[in-house]
Amino acid sequence: MTLKALFRVRLAALKSSLTGANRSKKPRTKLQILGFAALMLYTFGFFGFFLYETFDTLAFAYSMLGLGWLFFAMAGLMSFGLMFVGSVFTAKAQLYEATDNDLLLSMPIRPRDVLLSRMFLLLVLDLLFGLLVAVPALIAWIGAAGFQVRQFVPALLIFVVLLPLLTLMISALFGWLLHLITARMRNQSMMTVVLSLIFLAAYFYFVSQMNLWIQELAANPEPLAGALGAVAPLVWLGRACADGDFAALGGLALIVGGVLILGWMALERSFLRTATDRRGAAKVKYMEKAVDAVPPGRALLRRELKHLAASPAYILNGALGAFMAPVAAIFLLIKRESILPLLAVPGIGELLPLLLLLGLCFISATNILTAPSISIEGKSLWLLQSLPVSPREVLGAKLKMHLLICLPPVLLAGAAAAVLLKPGALLTAALLLLPAACTLFSGLLGLFENLRHPNFDWINETQAVKSGASVLLTMFIGWGTLILPLLVFVIWGDVIPSSAVILGFLGLMVLLCLLLWRWLSTRGVEKFRAL
Amino acid sequence: MLQINHLTKTYGDKKAVDDLTLHIAPGEIYGFIGHNGAGKTTTLKSCAGILPFDAGEIKINGIDVSARPLEAKRVLAYLPDNPDLYNFLSGIQYLNFIADIFGVEKAVRAERIRRLADTFELTADLAQPISAYSHGMKQKLAMISGWLHEPKLILMDEPFVGLDPKASHLLKEMMRQHCDRGGAIFFSTHVLEVAEKLCDKVAIIKEGRLITSGTMEEVKGDASLEDVFLELEDGHDA
């Protein structure tokens, strides 16, 4: 009964963060909810399509070679990796650092029920990430090898039940470990950022290596099959899905069940102590120091930067592009010799500068620091509202923080692209100006969307940073605008030169920035006052 | 110092504050009493420029809160009942942030922080992140930040909740000293004994409407404030 009530609370919190009422107490309209559902479907479609393209190539090759088990083993690994990377830090924050842990533990509720209800929400998250890989993989396999119930049932059981449960337990255990490691660190947010980037880099390395493995497999399949074949559970996973081998499915279920039981025993025993552990970092004694007195505008900017630095989830979700841009710059400079000859290839030479530019703009649109910046004020919003600072100054500080963090890396990447291409003055200017305009656009758009969709009802800052309509809308509208110049080039590339497309897109970005600026200065200011 | 004239604030169909008029003069500690949901916090937040209101006028030191909010906010401090401060800052970073916003000069702020933090015995913890503070420590930090720019008017919502007896005593002394220097304090409380001893004037509000107000003697006469409050509440119901 208690558990049921806790599940209901968790689902209500999830629903509220995605579609619920905001501080204005006005529930979302049906149109808004439908729009949000459409956005979620678009998100899944967007990523699903890219994954389907990869799996489609693999499925035909593997079914022809009789290596269906390897196809499913690799899809399982990808699914597990995405679920783990996507949920491990959420597990740390949601299980052990939720602000309502004390409240719930003070009630006549068993700690294990609190833990279980929190893990239930993580399972939903894992399932969403898992389906993102599983659905395209299954569609691609059915397209290549045909539909067979004997294959489909075990695959469904594995990808919808066993793998999400396994990932849930492993990410919960890792979350526990990370909490224990970082609990007494003074710079724990930086450590969390570094660890997250290592996890992400490892995952992307694995995904990028997959293509190489496929090529190797085509030429010489034995070594990879042998390597993966040495890991029995992977083989069982593959055989259960590809051959409908129910004995393999049983073996895998036993292993997953074992991990679940042992993991649950460890988590259940330690949960109360871990969730109530308030040791924190070692105490630092205050020593009076001379301070800089700064004007209010700079004080607000400093406050934004300190908030960002203290929140790993905010850094990783809001400024991923700022990490990607220097990597892209280094990649361009290192791979210069391989890329330059492509400029001379008919068809590609004309398209390459535009693609490079759009790549930089994509990185800029990935930076969405302002999108949750109002929501994360949470319960301390009263401070900004009671202090003698105008909404314009507050919003301005948030935008400046976004530009300060996100602009230098994309300019660096733009400069690297200019060094690589050695283009004319126009393209050089575009390589710097267009990513800058996109960065400004995503900053302004983030404020616009967060003022329209604020969410203050969160129990952990990670929720405000990761979920919510403003974050998704800012990212996808930002990425969506990049399709326009590509479409123009693909449809009218023969009559419109790429330089005109680039200039036109720059003009559009500037126009959108001006419109957003005007809205924020007028209606946006009023919206902030009314929050 | 604070003039509230015919203040009305509604949430949907519900009138949280209904035609409230109160005047608070310099030097006065003014208590604001009422049951839960009576409209105390809404009134205080409206005075602090946090909540826009539907009708009426609020002036602080002659400055209209709606027309010139920033000027009005520069002469006041607002301390809410639950001090949700910036957990990502340390105590000293928070105080410096507040001092920067109010333009308190370096030397002045250093002296005030030293004096106020010593008074509340918080100096040793100023380098700690606010996230590591207890509720009482956050209350104390909020008090220090409230006094840091020496406001003319201090608005406080249940200021004694969560404070230890010593800090509570200190706060009462500071409130009196502030008003002796010509400032004014308008605060809500459920602790009627404190209000009775501390306040120069008191107002009782029920369901958004003012039931009575005046000097402590005018409101309670020879009875205790608790008896008068309960009687007025019941009488109003009848």
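1. What about the overall build of chain A?
Phase 1 of the analysis: Helix and strand counts for chain A stand at 22 helices and 0 strands.
Phase 2 of the analysis: Here chain A holds 531 residues, and the buried ones make up 49% of them.
Phase 3 of the analysis: In chain A, 85% of the contacts between residues at least 6 apart in sequence involve partners at least 24 apart.
Phase 4 of the analysis: Surface accessibility of chain A: about 24300 Å² in total, with carbon and sulfur atoms responsible for 72%.

2. Here we look at a negative patch on the surface
Residues and elements named next belong to chain B.
Phase 1 of the analysis: Residues Glu193, Glu226, Asp227 and Glu231 make up a contiguous surface patch of negative charge.
Phase 2 of the analysis: The element contributing the most residues to the negative patch is helix H9 (residues 225–237), with 3 residues.
Phase 3 of the analysis: Inspection of the secondary structure assignment puts Glu193 in helix H7 (residues 192–198).

3. Re the domain arrangement of chain A
Residue and element names in this part refer to chain A.
Phase 1 of the analysis: If you check the domain split of chain A, you get domain 1 (2–276) and domain 2 (296–529).
Phase 2 of the analysis: For domain 1 and domain 2, the distance between their C-alpha centres works out to 29 Å.
Phase 3 of the analysis: In total, about 2400 Å² of surface goes out of reach between domain 1 and domain 2, with carbon and sulfur atoms giving 65% of it.
Phase 4 of the analysis: Linking domain 1 with domain 2 are 0 salt bridges.
Phase 5 of the analysis: Taken together, the elements giving at least two residues each to the side of domain 1 that touches domain 2 come down to helix H1 (2–19), helix H2 (30–65), helix H3 (68–96) and helix H7 (188–219).
Phase 6 of the analysis: Split into classes, the residues belonging to the side of domain 1 that touches domain 2 amount to 13 nonpolar, 11 polar and 6 charged.

4. Comments concerning the environment of Leu6(A)
Residue and element names in this part refer to chain A.
Phase 1 of the analysis: As for its placement among the helices and strands, Leu6 is situated in helix H1.
Phase 2 of the analysis: For Leu6 and Val160, which are 154 residues apart along the polypeptide, the C-alpha to C-alpha distance reads 23 Å.
Phase 3 of the analysis: For Leu6, the residues in contact, after removing those within four places along its chain, are Leu104, Ile109, Asp113, Val114 and Ser117.

5. Focus: the interface of chain A and chain B
Phase 1 of the analysis: Listed as interface residues are 33 residues of chain A and, on the opposing side, 33 residues of chain B.
Phase 2 of the analysis: Note on chain A versus chain B: buried area summed over both sides is about 3000 Å², and carbon and sulfur give 65% of it.
Phase 3 of the analysis: When the area that chain A buries against chain B is broken down by residue, the three leading residues are Tyr286(A), Trp382(A) and Pro388(A), summing to 25%.
Phase 4 of the analysis: Run the count over chain A and chain B and you get 1 salt bridge.
Phase 5 of the analysis: A salt bridge links Glu288(A) to Arg114(B), with the nearest nitrogen and oxygen atoms 2.8 Å apart.

6. Comments concerning the sheet that holds strand S2 (residues 14–24) of chain B
Residue and element names in this part refer to chain B.
Phase 1 of the analysis: Pairing is antiparallel in the open sheet, where 4 strands are placed in the order S2-S1-S4-S5. What marks the edges here is a single partner per strand, and that holds for S2 and strand S5 (63–64).
Phase 2 of the analysis: In terms of strand pairing, strand S1 (residues 2–11) meets S2 through 7 bridges, oriented antiparallel. For Ile4, the partnering residue across the bridge sits in S2 and is Leu22.

7. A closer look at a nonpolar patch on the surface
Residue and element names in this part refer to chain A.
Phase 1 of the analysis: Taken together, the side chains of Tyr42, Leu355, Ile483, Leu486, Leu487, Val490, Ile491, Trp492 and Val495 define a hydrophobic patch exposed on the protein surface, amounting to about 850 Å² of accessible area.
Phase 2 of the analysis: The greatest single-element share of the nonpolar patch, amounting to 6 residues, is contributed by helix H21 (residues 483–492).
Phase 3 of the analysis: With respect to the element layout, Val490 can be found in helix H21.
Phase 4 of the analysis: With a relative accessible area of 64%, Val490 lands in the exposed category.

8. Re the sheet that holds strand S6 (residues 76–79) of chain B
All names here are of chain B.
Phase 1 of the analysis: Pairing in this open sheet of 6 strands is mixed, and the strands run S6-S7-S8-S3-S9-S10 from one edge to the other. What marks the edges here is a single partner per strand, and that holds for S6 and strand S10 (209–215). Neighbouring strand axes in the sheet, compared pairwise and without regard to direction, differ in orientation by 15 degrees on average.
Phase 2 of the analysis: Looking at chain direction, strand S7 (residues 153–157) and strand S8 (residues 184–188) are connected through 5 bridges and run parallel. Looking at the pairing, Asp157 lines up with Ser188 of S8.

9. Quick word on the side chain of Lys398(A)
Residues and elements named next belong to chain A.
Phase 1 of the analysis: Here Lys398 is to be found in helix H17 (residues 391–421).
Phase 2 of the analysis: When its relative accessible area of 0% is taken as the criterion, Lys398 is described as buried.
Phase 3 of the analysis: Of the polar contacts made by the side chain of Lys398, one reaches the side chain of Glu377; its length is 2.7 Å.
Phase 4 of the analysis: The residues contacting Lys398, other than those within four sequence positions of it, are Arg303, Glu304, Thr370, Ser373, Ile374, Glu377 and Leu447.

10. Some words on the packing of helix H18 (residues 425–452) of chain A against helix H22 (residues 498–529) of chain A
Residue and element names in this part refer to chain A.
Phase 1 of the analysis: With their axes 8 Å apart at the nearest point, H18 and H22 run at an angle of 25 degrees to one another. The orientation of H18 relative to H22 falls into the category roughly parallel. Relative to H22, the crossing made by H18 is left-handed.
Phase 2 of the analysis: Of the residues assigned to the contact of H18 with H22, the class counts are 26 nonpolar, 2 polar and 2 charged.

11. Brief notes about the environment of Arg176(B)
Residue and element names in this part refer to chain B.
Phase 1 of the analysis: Residue placement: Arg176 occurs in helix H6 (residues 165–180).
Phase 2 of the analysis: Taking C-alpha positions, Arg176 is 30 Å from Ala16, a pair spaced 160 residues apart along the chain.
Phase 3 of the analysis: At 3.2 Å, the side chain of Arg176 forms a polar contact with the backbone oxygen of Leu198.

12. A short note on the pattern of salt bridges
Phase 1 of the analysis: Throughout the structure, instances matching the rule amount to 23 salt bridges over all chains.
Phase 2 of the analysis: Close ionic contact of Glu377(A) with Arg303(A) constitutes a salt bridge, the shortest N to O distance being 2.6 Å. With Glu377(A) in the loop between helix H15 (348–366) and helix H16 (381–386) and Arg303(A) in helix H11 (residues 296–309), this pair connects stretches of sequence that are 74 residues apart. Across the pair, exposure class does not vary: Glu377(A) and Arg303(A) are buried alike.
Phase 3 of the analysis: Across the pair Glu28(B) and Lys201(B) runs a salt bridge whose closest N-O atoms are separated by 2.9 Å. Of the two residues, Glu28(B) is situated in the loop between S2 and strand S3 (29–33) and Lys201(B) in strand S9 (residues 201–206); the sequence distance between them amounts to 173 residues.
Phase 4 of the analysis: With relative accessibility at 24%, the residue Lys201(B) sits in the partly exposed group.
Phase 5 of the analysis: Each of Arg303(A), Glu304(A), Glu377(A) and Lys398(A) takes part in a single network of salt bridges with overlapping partners.

Parameters and conventions
Residues numbered from 1 in each chain as written. Chains lettered and ligands numbered in written order. Predicted model: local features only at pLDDT ≥ 70, side-chain atom pairs only at ≥ 80, totals over all residues. Heavy atoms only, no water. Helix = DSSP H or I, 4+ residues; strand = E, 2+ residues; numbered from the N terminus. Buried < 20%, exposed > 50% of the residue type's maximum accessible area, 1.4 Å probe, protein only. Contact = heavy atoms within 4.5 Å. Areas by Shrake-Rupley, 256 points an atom, 1.4 Å probe, with all protein chains shown as cover. Patch = residues over 30% accessible without salt bridge, like charges linked within 9 Å, V, L, I, M, F, W, Y side chains within 5 Å. Salt bridge = Lys/Arg side-chain N within 4 Å of Asp/Glu carboxyl O. Lys, Arg positive; Asp, Glu negative; His and termini not counted. Charge placed at Lys NZ, Arg CZ, Asp CG, Glu CD. Domains from an automatic or database assignment. Buried area = accessible area lost by both parts, 1.4 Å probe. Nonpolar A, V, L, I, M, F, W, Y, C, P; charged D, E, K, R; others polar. Pairing = 2+ DSSP bridges. Axes fitted to C-alpha atoms, helices over the stretch in contact; angles between N-to-C directions. Polar contact = N/O pair within 3.5 Å; in protein donor to acceptor, adjacent residues only side chain to side chain. Parallel < 35°, antiparallel > 145°, perpendicular 65-115°, else oblique. Left-handed = near helix turned anticlockwise from the far one by under 90°.

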